[in-house]
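Coordinates in review
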Number of protein chains: 2
Amino acid sequence: MADDTVVIDDLERILLTEGQLEPQRAEELQALLGKLSLKNTISLLERLGPNRAALVLRLLPRARSYDAFDALDSAHQAELVDALGDAPITEFFGSLDPDDRVALLDELPAEIAQRLMQTLAQGQRDVTGVVLGYPKRSIGRRMSPQVPMVGLHDTVATALDRLREQAADAESIYTVPVVTSDRKLVGVTSLRTLFTADPDERVEELMSEPEYAHAADNDEETARWFLPLDYLALPIVDDSDRLVGMLTVDDAFDIVEEADNEDAARGGGAEPLQQPYLTTAVVKLVRSRIVWLGVLAVSALLTVQVLDAFEEALQAAVVLSLFIPLLTGTGGNTGNQAATTVTRALALGDVRKKDVFKVLWRELRVGALLGLLLGVAFGLLLGAIYGASIGLVLGLTLTAVCTLAASVGGIMPLLAKAIGADPAVFSNPFITTFVDATGLILYFLIARAVLGI
Amino acid sequence: MADDTVVIDDLERILLTEGQLEPQRAEELQALLGKLSLKNTISLLERLGPNRAALVLRLLPRARSYDAFDALDSAHQAELVDALGDAPITEFFGSLDPDDRVALLDELPAEIAQRLMQTLAQGQRDVTGVVLGYPKRSIGRRMSPQVPMVGLHDTVATALDRLREQAADAESIYTVPVVTSDRKLVGVTSLRTLFTADPDERVEELMSEPEYAHAADNDEETARWFLPLDYLALPIVDDSDRLVGMLTVDDAFDIVEEADNEDAARGGGAEPLQQPYLTTAVVKLVRSRIVWLGVLAVSALLTVQVLDAFEEALQAAVVLSLFIPLLTGTGGNTGNQAATTVTRALALGDVRKKDVFKVLWRELRVGALLGLLLGVAFGLLLGAIYGASIGLVLGLTLTAVCTLAASVGGIMPLLAKAIGADPAVFSNPFITTFVDATGLILYFLIARAVLGI
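All of these numbers come straight from a predicted model, not from anything done at the bench.

With that settled, the discussion passes to the overall build of chain A. Counting its regular elements, chain A contains 21 helices and six strands. Here the C-alpha coordinates of chain A stretch approximately 90 × 65 × 45 Å along the principal axes. Looking at chain A residue by residue over its 453 residues, the buried ones come to 58%. Long-range contacts, defined as pairs at least 24 residues apart, comprise 67% of the intrachain contacts of chain A with a sequence gap of at least 6. Accessible surface for chain A amounts to roughly 17900 Å². Of this, 56% is attributable to carbon and sulfur atoms. For chain A, the centre of its 37 positive side-chain charges and the centre of its 62 negative side-chain charges are spaced 2 Å apart.

As structure tokens, this is what we get:
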């Protein structure tokens, strides 16, 4: 069977080297690729640039190449369109499910998207058009429009016959919506249930109350509540409760993964990459980071101003400057912890916008407790070295900064959500900058009061 | 149908208030809960403390309560064990699939786990035992041991009969492993394929080369490569390629979500919470954060020492202290961006340990480019205000610090992985601390050279 590391090493040796590929290598490549499992094929494609990846796709057995292309992110697929050339891309495009097709179209320039749409047979163009009709970020745009369905009053035998007919088109036939004669969703059953039931039983006795979403619902929210239910597909209805599609579990997973990628990148102060790291150009990496880095550096000018305002105090006691990175660092860390926790809870639906006071009250207590613990420990330690009054200043400042940082860090993601911004963007780096500036003000106010400068 | 926000508001008004619940409220609650969709039931449970959640589970219709309990995280389930009481927990425990049962057992004290195992019927105890036999973090521990299977030489009709018999026990019958007479895995087919095929065809003509994993394989890695393939279940084999279980897509998703939760929390410098945020006690929140915060604060003492060593330079030019937070902040942000990107790429399998030099070379260029852009901009800006030589010092320092920070941030997750540590832990906060200290050294060395102090 297929898990051969020797094959992978050979392939990478050929494919990851720079420069022209000798033509006689193609046969060798084809033979090696034939031995590779789907898993390893995908993982290889994710490490190659567009030209080499397109070459691999062309050399793969046809069915395998469709599966592999399907498994790539749509942004990555879009990058391969040019490299693949006209005839192959038409085939790959046709082999995708309508919702995956739309995701790819969204990544392409309008002109190319239109040309690709023209290559589809009329029936496929129609179902793709249905999905394209829903706005971006709605679940309608991620659903499969070709759905199986059975009638409320069908017998099991009739229902199974219907499913057998529908199997050619539908993306999945395992979760089976039950509808009235005017296509209103009234229940859900499964192929498994029908398959093991008495053929003469009626569908209405074998169905359960349906969980469902509306086509206009937000895609990430829908995917997040649907996945823990452990269903294979979720019926999607229009405004009059008529069945228009299904969200399959693999598409729901893609939505959540994309959202998690975005949150991970933005939490670290960068825009998410649209393709695998090693195949992203250095200039693109710079572009994904420079804007946030610049914005944050400009906000950090606030700290220069704060320190400038307290320059007299700094002149009077240069020792105060020794602890600036310790204080801002600890404040930043405390704020990040709170922000990360709340951002994640928000994404998972454990916390909602209206919980802002609950969160504030929790984080206030958590921050005060953390600040007290650190303040006492570091106040005593540094007091022993730099003198009691410095120790007192540091202990008080740490307590105040941690309380402030946790509170701000906790509610910032909720406020971001309330104004329609991405909570992850406002979580880590922004809080650090804000806490740096306010923490320094607290520091010098406390120092002035305690040291009398 | 069920999406009633009035019902939810009523329920939350009753359940989220503190204090004793009046007994006559139970009936009202039961009526309201009966109207709630599964989605909203789960979301309600995730916002309640253990006692209230247990009450809700007891008042729900039986089938609904099993589904809702099943959808909770195993750590959250474990917390409900005490509150539920002996008889109900036995029922809930029995209703879980063997792999979910093992996940719950892992969260419980040994004594309670043993008592729960005793309540299972012999057959169920045996299959649960199979899963328990595999080590933690292996995919064997997350698989479903009761799998459907058909023979290589079966006709479609025979295969369908077999599946009908196996349907009572198996978690999923949609992906169907094909085995030899001694249970060796030779192919995979699906209920859909068999269901739509000619009854006289042979299974061997309808199967494809199987993707599979070994029971001892790492759970997160297996789940991450399996999910993009869009299969519903993955056959799991033992060392002699004999079929021992299946990993279903919902369990694979749970594994990835847990890992993402852990990465998100650790990237923010906290340990992941084991239960929903709002139901976690304040003391537990403090505990999830204090260790990392303390460790980071202790490492930050390094910055105190660095500044202490350069106190003379600080005395000579107090103006230098004004830019400390700007420089450490920007360095930290640059390092975080690189670390976050690489940590995510590592989790997704886009980057591997052996790519360390490739990553270093990319991040070196990205960091240098970012540093140059910021260095020129801020050097000019701050030079205009604080004098040309200060501007020069800041420009040079920003370039150096960004180059250093991106390089260290990029390779740190790979080094962490190489020594078997969690890359997310070593990414953001640790890099900040490291870059703070080394960045300050660079700053003062450059300042000394340029300003001649």
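Contact with chain A, which involves 121 residues of that partner, is made by 123 residues of chain B. Where chain A abuts chain B, roughly 10900 Å² becomes buried across the two surfaces, and 63% of that area is made up of carbon and sulfur atoms. Our count for the chain A to chain B interface comes out at 12 salt bridges. Salt-bridge contacts for B:Arg352 lead to A:Glu12; the nearest nitrogen and oxygen are separated by 3.7 Å. The tally of links from chain A across to chain B stands at 37 residue pairs in polar contact (both at pLDDT 80 or more). Examining the composition of the side of chain A that touches chain B, we find that 17 residues originate from one element, helix 15 (residues 282-309) of chain A, more than from any other.

Below, the discussion takes up the packing of helix 13 (residues 219-226) of chain B against helix 14 (residues 249-267) of chain B. Residues and elements named next belong to chain B. Two numbers describe how helix 13 lies on helix 14: the axes approach to 9 Å, and their chain directions differ by 115°. For the pair helix 13 and helix 14, the crossing hand works out as left-handed. Note on element contacts: helix 14 touches helix 13 through Val-249, Ala-252, Ile-255, Val-256, Ala-259 and Asp-260, opposite Asp-219, Glu-220, Ala-223, Arg-224 and Phe-226. A breakdown of the residues in the contact of helix 13 with helix 14 according to their chemical character gives seven nonpolar, no polar and four charged.

Attention shifts here to the environment of A:Ala68. Residue and element names in this part refer to chain A. As for its position among the elements, Ala-68 is in helix 5 (residues 62-71). Ala-68 sits 200 residues away from Gly-268 along the chain, and the two C-alpha atoms are 30 Å apart. Excluding residues that lie within four positions of it along the chain, Ala-68 makes contacts with Leu-38, Thr-41, Ile-42, Leu-45, Leu-57 and Leu-60.

Another point: the sheet that holds strand 6 (residues 243-248) of chain B. Strand pairing in a sheet takes place through backbone hydrogen bonds and is either antiparallel or parallel in direction. Residue and element names in this part refer to chain B. Taken together, three strands build an open sheet; the order of strands is 4-5-6 and the sheet is mixed. Unpaired on one side and paired on the other, strand 4 (213-214) and strand 6 mark the two borders of the sheet. With two bridges joining them, strand 4 and strand 5 (residues 233-237) adopt parallel strand pairing. Within strand 5, the residue paired with His-214 across the bridge is Val-237. Most of the contacts of helix 13 go to strand 5, to which it runs at about 140°, and overall it touches strand 4, strand 5 and strand 6.

For the rest of this paragraph, the subject is the packing of aromatic side chains. For the coordinates displayed, the defined rule picks out 12 aromatic pairs over all chains. Both rings, one in A:Tyr66 and one in A:Phe92, keep their centres 5.7 Å apart while their planes meet at 80°; by these two values the pair is edge-to-face. A residue pair is termed long-range when its members are at least 10 positions apart, and A:Tyr66 in helix 5 and A:Phe92 in helix 7 (residues 86-95) qualify at 26 residues. By relative accessible area, A:Tyr66 is classed as partly exposed at 21%. Given the relative accessible area of 4%, A:Phe92 is considered buried. Ring geometry for B:Phe323 versus B:Tyr386: centroids 5.1 Å apart, planes at 85°, classification edge-to-face. Placement of B:Phe323 in the loop between helix 16 (311-316) and helix 17 (324-347) and of B:Tyr386 in helix 18 (residues 356-386) is noted, with a sequence separation of 63 residues between them.

Let's shift gears to the side chain of A:Thr328. Residues and elements named next belong to chain A. Along the chain, Thr-328 turns up in helix 17 (residues 324-347). Only 3.4 Å separates the side chain of Thr-328 from the backbone oxygen of Pro-325, close enough to count as a polar contact. Ignoring any residue separated from it by four or fewer positions in sequence, one finds Thr-328 in contact with Asp-436 and Leu-440.

With that settled, consider the pairing of strand 5 of chain B. Residue and element names in this part refer to chain B. When you tally the buried positions in strand 5, you get five out of five residues, the bulk of the element. Sheet analysis places strand 5 next to strand 6, joined by five bridges and oriented antiparallel. For Ile-236, the partnering residue across the bridge sits in strand 6 and is Gly-245. Where strand 5 folds back onto strand 6 in an antiparallel hairpin, the turn is made up of five residues, including Asp-241, whose phi is positive at roughly 60°.

Moving on to helix 14 (residues 249-267) of chain A. Residues and elements named next belong to chain A. For helix 14, built from 19 residues, the straight-helix expectation of 27 Å at 1.5 Å per residue is met to within 8% by its first-to-last C-alpha distance of 26 Å. The element helix 14 is extensively covered by neighbouring structure, given that 14 of its 19 residues are classed as buried. Following helix 14 by one or two positions, Gly-269 has its phi on the positive side, about 80°.

The next subject is the pairing of strand 3 (residues 185-190) of chain B. Residues and elements named next belong to chain B. Counted residue by residue, strand 3 has five buried out of six residues, so it is predominantly covered. Bridge analysis of strand 2 (residues 175-179) against strand 3 gives five bridges, and the strand direction is antiparallel. What sits directly across from Pro-177, in strand 3, is Val-188.

The strand order 1-2-3 (chain B) describes an open sheet built from three strands, whose pairing is mixed. Pairing within the sheet leaves two strands with one partner each, and these edge strands are strand 1 (150-151) and strand 3 of chain B.

Tracing the backbone through its elements, the reader meets B:Glu46 in the loop between helix 3 (38-45) and helix 4 (50-59). Although B:Glu46 lies buried, it forms no salt bridge, and the closest oppositely charged side chain, A:Arg352, sits 7.3 Å away as judged by the N-O distance. If near-sequence neighbours (up to four positions away) are discounted, B:Glu46 is found in contact with A:Asp350, B:Leu72, B:His76, B:Pro276 and B:Thr279.

For the rest of this paragraph, the subject is the UniProt feature "transmembrane region" (unreviewed entry) in chain A. All names here are of chain A. Mapped onto this numbering, the UniProt entry gives "transmembrane region" (unreviewed entry) at residues 366-386, 392-416 and 428-451. The annotated region residues 366-386 carries 100% helix and 0% strand content, and the separation between its end C-alpha atoms amounts to 29 Å. Between the C-alpha atoms that bound residues 392-416 the distance is 36 Å, and the span itself is 100% helix and 0% strand.

Let's shift gears to a nonpolar patch on the surface. A cluster of nonpolar side chains, A:Leu372, A:Val376 and A:Leu380, forms an exposed patch at the surface whose accessible area comes to about 300 Å². You can see A:Leu380 is positioned in helix 18 (residues 356-386).

UniProt marks residues 143-205 and 206-262 of chain A with the feature "domain: CBS" (unreviewed entry), using the numbering shown here. Structurally, residues 206-262 of chain A comprises 39% helix and 23% strand, and the distance from its first C-alpha atom to its last is 41 Å.

This part takes up the domain arrangement of chain A. Domain parsing of chain A yields domain 1 (5-133), domain 2 (150-257) and domain 3 (281-451). For domain 2 of chain A and domain 3 of chain A, the distance between their C-alpha centroids amounts to 49 Å.

Our next topic: the relation of the copies chain A and chain B. Superposition record for chain A on chain B: RMSD 0.1 Å, screw rotation 180°, translation along axis 0.0 Å. Taken together, the rotation angle and the small translation identify this as a two-fold axis. Most of the interface of chain A is mirrored in chain B, where 100% of its interface residues again form contacts.

How two helices pack is summed up by the angle between their axes together with the distance between the axes. Residue and element names in this part refer to chain B. Running from amino to carboxyl end, helix 1 (residues 5-15) crosses helix 2 (residues 25-34) at an angle of 150°, the nearest separation of the two axes being 10 Å. What the angle tells us is that helix 1 and helix 2 run roughly antiparallel. Where helix 1 crosses over helix 2, the handedness of that crossing is left-handed. Contacts between helix 1 and helix 2 involve Val-7, Asp-10, Leu-11, Ile-14 and Leu-15 from the former and Arg-25, Glu-28, Leu-29, Leu-32 and Leu-33 from the latter. Counted by class, the contact of helix 1 with helix 2 contains seven nonpolar, no polar and three charged residues.

Procedures and definitions
- For every chain, the first residue of the written sequence is number 1, and numbering continues from 1 along that sequence.
- The lettering of chains begins at A and the numbering of ligands begins at 1, in the order of writing.
- Totals for whole chains, interfaces and linings use all residues, but because this is a predicted model, local features are given only for residues with pLDDT of at least 70 and pairs of side-chain atoms are given and counted only at 80 or more.
- With hydrogens and water stripped out, all remaining heavy atoms of the structure feed into the side-chain values.
- Strands are runs of DSSP state E lasting at least two residues, helices are runs of H or I lasting at least four, and both sets are numbered from the N terminus onward.
- For the exposure calls, accessible area comes from a 1.4 Å probe over protein chains only, and a residue counts as buried if that area is under 20% of its type's maximum, exposed if over 50%, partly exposed in between.
- By definition, residues are in contact when any of their heavy atoms lie within 4.5 Å.
- Each accessible area value is a Shrake-Rupley result obtained with a 1.4 Å probe; residue values ignore everything except the protein chains displayed when judging cover.
- For the purpose of counting charges, residues Lys and Arg are taken to be positive, whereas Asp and Glu are taken to be negative. His and the chain ends are not included.
- Think of each charge as sitting on NZ of Lys, CZ of Arg, CG of Asp or CD of Glu.
- Joining two parts hides part of their accessible area as seen by a 1.4 Å probe, and the buried area is that hidden amount summed over both.
- Only one rule defines a salt bridge in this text: a Lys or Arg side-chain nitrogen within 4 Å of an Asp or Glu carboxyl oxygen.
- Counting of polar contacts relies on pairs of N or O atoms within 3.5 Å, with two restrictions inside protein: one atom must be capable of donating a hydrogen and the other of accepting it, and residues adjacent in sequence are counted only when both atoms are side-chain atoms.
- Between N-to-C directions, angles span 0 to 180 degrees; the directions come from axes that are lines fitted to C-alpha atoms, helices contributing only their stretch in contact.
- Less than a right angle of anticlockwise turn of the near helix away from the far helix marks a crossing as left-handed, whereas a clockwise turn marks it as right-handed.
- Asp, Glu, Lys and Arg are counted as charged, while Ala, Val, Leu, Ile, Met, Phe, Trp, Tyr, Cys and Pro are counted as nonpolar; the rest, among them Gly, fall into the polar class.
- Pairing between strands requires that DSSP locate at least two bridges from one strand to the other.
- Any two of the Phe, Tyr and Trp rings considered here, Trp counted by its six-membered ring, make a pair once their centres fall within 6.5 Å; the pair's planes then place it as stacked at under 30 degrees, edge-to-face at over 60, or tilted in between.
- The span one expects for a helix is its residue count, reduced by one, times 1.5 Å.
- UniProt positions are given in the numbering used here, feature names are shortened, and annotations may be inferred rather than shown by experiment.
- The patches reported here contain residues having more than 30% relative accessible area and no salt bridge. Joining distances are 9 Å for like charges and 5 Å for nonpolar side chains (Val, Leu, Ile, Met, Phe, Trp, Tyr).
- Those domain boundaries reflect an automatic or database domain assignment.
- Superposing the copies works by least squares over the C-alpha atoms of residues that have pLDDT at least 70 in both of them.
- We call two directions roughly parallel when the angle between them is under 35 degrees, roughly antiparallel when it is over 145, roughly perpendicular when it lies between 65 and 115, and oblique otherwise.

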